Each structure stands twice: as C-alpha cells, then as structure tokens.
Amino acid sequence: MEVRDSNGNLLKEGDTVTVIKDLKVKGSSSTIKRGTVVKNIRLTDDEEEIEGRVERTVMVLKTCFLKKA
C-alpha cells in the first residue's frame, strides 16, 4: 500500500507533514490552521488517512490536505 500526500510524494511512518488548508475538527469548535506541522505520523489501514498528534491530541487526517515537510 502506497500512501501519498497532496503533491504525490510517498509518505512513510515517522515522516513530518504540513497542513495545506484550515481544517475544522469534527465534534469540536476548534480548527487546525494552515501551516501546522504534524511530526512522527503513523499510517493507517486506509491509504487516504494518517494518524498524527496535533496540539497534544491524536487525530486522523486526510492525506489530500497534507504535504510532506
């Protein structure tokens, strides 16, 4: 399974990615701002999603809103 970011770069466990668009967090009133850096990502079973720690909370993010840092 190949996981790719919005630019087509291959992502792997432990990579660092940057958010390219402001994202609303489901079930919360907060947002993840553009330019937020997510370090040490983990891959999931779905090739369109990754797990990462954002502001001390583990979240699942869509790869179409990320670019490799």
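Remember, predicted model here, so these are calculated numbers, not experimental data. The residue numbers shown here count from 1 along each chain, following its written sequence. Local features are withheld for residues below a pLDDT of 70 in this predicted model, meaning they are given only at 70 or higher, and side-chain atom pairs are given and counted only at 80 or more; totals for whole chains, interfaces and linings count all residues. Where side-chain values are given, they derive from all heavy atoms of the structure, hydrogens and water being excluded.

Novice: Looking at this structure, I do not really get the pairing of strand 9 (residues 57–62). What am I missing?
Specialist: Along a regular strand, successive side chains alternate from one face of the sheet to the other. Here, any two strands with at least 2 DSSP bridges between them count as paired. Secondary structure elements follow DSSP: runs of H or I no shorter than four residues count as helices, runs of E no shorter than two count as strands, and numbering proceeds from the N terminus. The pairing of strand 8 (residues 49–54) with strand 9 spans six bridges and is classified as antiparallel. Within strand 9, the residue paired with Gly52 across the bridge is Met59. Counting the residues that bridge the hairpin from strand 8 to strand 9 gives two residues, and of these Glu55 lies at a positive phi of roughly 50°.

Novice: Is there a simple way to think about the nonpolar core in this case?
Specialist: A general trend in soluble globular proteins is that nonpolar side chains are found buried together. Ile32, Val38 and Leu61 are the most contacted members of the largest nonpolar core, which totals 14 residues. Non-local contacts of Val38, meaning those with residues more than four positions away in its chain, are made with Asp15, Thr16, Val17, Val19, Gly52, Arg53, Val54 and Leu61. Nine residue types can take part in a nonpolar core, namely buried Ala, Val, Leu, Ile, Met, Phe, Trp, Tyr and Cys, and a core is a set of them joined through side-chain atoms within 4.5 Å. Relative accessible area decides the class of each residue, using a 1.4 Å probe on protein chains only: under 20% of the type maximum gives buried, over 50% gives exposed, and in between gives partly exposed. Any pair of residues with heavy atoms lying within 4.5 Å of one another is described as a contacting pair.

Novice: I tried to follow the sheet that holds strand 8 on my own but got confused; where do I start?
Specialist: Within a sheet, neighbouring strands are paired by backbone hydrogen bonds and run either parallel or antiparallel to one another. Across the sheet, three strands lie side by side as 7-8-9; this open sheet has antiparallel pairing. Taken across any chain shown, the strands that pair with only one partner, and hence form the sheet edges, are strand 7 (42–43) and strand 9.

None of this, on its own, says anything about what the molecule does.
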